[in-house]
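Examination of the molecular architecture
Below, each chain spelled out in residue letters.
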Amino acid sequence: MHDAKIAYSQVKSQSPKAGYRQMRIVYHLGAHCTDEERLLRCLLKNRQILAERGIVVPGPTRYRSLLRDTAIALKGQAASRDTQALVLEQIMEEDRADRLILSWDNFLSFPQWVLKERLYPAAAERVRAFTQIFPEIEAEFHLAIRNPATFLPDLFAKQRDKTYEQFMAGADPMLLHWSDVVADVIEENPGVPLTVWCDEDTPLIWPEVLRAVSGHPEDLVLEDADDLLASIMSPEGMVRMKTYLETHAPQSVAQRRRIVSAFLDKFALPEKVEMEWELPGWTDDTVAALTSAYSADIARIRTMPGVTFIAP
């Protein structure tokens, strides 16, 4: 406990003059059925090289249950410095950090409570409760969103012993808007920056997503950063793409995206990129309408103050 207090006070006393920034806690909020822990696995594989740059990536067993139980005990109130020090002691082995990365798709809600007349109705309150564990440490949020036309079928598959009607809980699929979730989180957590991206775009923007969350320097190449592409592209395509990138180094992020897009067009595995849906009463028209509404929702989110949107 004493060591944790020292570590916490060191973090709080860091200043630009000393060559350190104040520690920031980065909350990767999910959402469900998007990342499936891929981002966290990549950062954990690079834990050592990131730690050398002041970026701490603890294993999820060190903080998920701890944060949940602490938030429940606090009942929405701000934690004392002693409580903050105790929690930090259990999460971090390091004495100090510039960034502490916490990732959990249940930050917003557990899967069974994602829908209740709307999308993630308790998200803002839950996120606020988690940030109150460290009220004096700056925070930032990161969130992937997904087309309800594919999100809802995948989320329904995660339910246990629920009918479709029980799962929807009175929600109209056409009225489920991610922009409502984003607006709630921003309103309840004023001044906390929020970065958003579309899960559908991740194959093209994955390096930028990893860098946005971790804050690692642009010239740092992370190990296994191509795992996402390898999961949806044929082995032949991956080899040819890597060879091409080595011999034709892209001069910009946009150029790299065009190269990746070209290889995906030719070598993507159909079973990995073609989404199937099967929910009661849904038709092709339902999917088209949901997709159109999702596009309009994305446009709204991109204009919202406090939001940084990563797009291809």
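Relevant structure appears above.
Here the structure is a predicted model, which means the values were calculated and not measured. (Residues numbered from 1 in each chain as written. Predicted model: local features only at pLDDT ≥ 70, side-chain atom pairs only at ≥ 80, totals over all residues. Heavy atoms only, no water.)

A few words now on the pairing of strand 5 (residues 194-198). Here is the key point about a regular strand: its side chains alternate between the two faces of the sheet. In terms of residue burial, strand 5 counts as a mostly covered element, since five of its five residues are buried. Because side chains alternate across strand 5, one face comprises the buried residues L194, V196 and C198, and the other comprises T195 and W197, equally buried. Inspection of the sheet shows strand 4 (residues 138-145) paired to strand 5 by five bridges, in the parallel sense. Across the sheet, the residue bridging to H142 is T195, located in strand 5. The pairing of strand 5 with strand 6 (residues 307-310) spans four bridges and is classified as parallel. Counterpart to T195 in the pairing with strand 6 is T308. (Buried < 20%, exposed > 50% of the residue type's maximum accessible area, 1.4 Å probe, protein only. Helix = DSSP H or I, 4+ residues; strand = E, 2+ residues; numbered from the N terminus. Pairing = 2+ DSSP bridges.)

A separate point is the sheet that holds strand 6. Judged by pairing direction, the sheet is parallel, and its six strands sit side by side in the order 2-3-1-4-5-6 without closing on themselves. Each having just a single partner strand, strand 2 (55-56) and strand 6 make up the two edges of the open sheet.

Here the largest pocket defines a volume of roughly 820 Å³. Only helix 7 (148-157), helix 10 (202-214), helix 11 (227-232) and helix 14 (270-273) provide two or more residues apiece to the lining of the largest pocket. Looking at which element gives the most residues to the lining of the largest pocket, the answer is helix 10, with four residues. Across the lining of the largest pocket, the residue classes break down as twelve nonpolar, five polar and eleven charged. Along the wall of the second largest pocket there are 17 residues; nearest its centre are P207, R211, E218, V221 and R256. Among the secondary structure elements, those contributing two or more residues to the lining of the second largest pocket are helix 10 and helix 13 (253-267). The element best represented in the lining of the second largest pocket is helix 10, accounting for four residues. Of the residues that constitute the lining of the second largest pocket, the class distribution is nine nonpolar, three polar and five charged. (1 Å grid on protein atoms, 1.4 Å probe; cavity = no way out; pocket = protein on both sides within 12 Å on 5 of 7 lines; lining within 4 Å. Points joined across faces, edges and corners; volume = space filled by probe spheres on them. Nonpolar A, V, L, I, M, F, W, Y, C, P; charged D, E, K, R; others polar.)

So, on to the state of the cysteines. Scanning the entire structure with this criterion turns up zero disulfides. This cysteine, C198, is not joined by any disulfide, and C33 carries the nearest cysteine sulfur, 15 Å off. (Disulfide = S-S within 2.5 Å.)

Attention now goes to empty space enclosed by the protein. For the structure shown, the criterion picks out three cavities of 30 Å³ or more. Quantified by volume, the largest cavity comes out at close to 80 Å³. Residue lining of the largest cavity: 13 residues in total, with G30, D35, E36, E37 and D105 positioned closest to the centre. In terms of residue class, the lining of the largest cavity is built from three nonpolar, five polar and five charged. For the second largest cavity, the calculated volume is near 60 Å³. At four residues, the largest contribution of residues to the lining of the second largest cavity is made by helix 15 (residues 284-302). Classifying every residue of the lining of the second largest cavity by side-chain character gives eight nonpolar, one polar and one charged.

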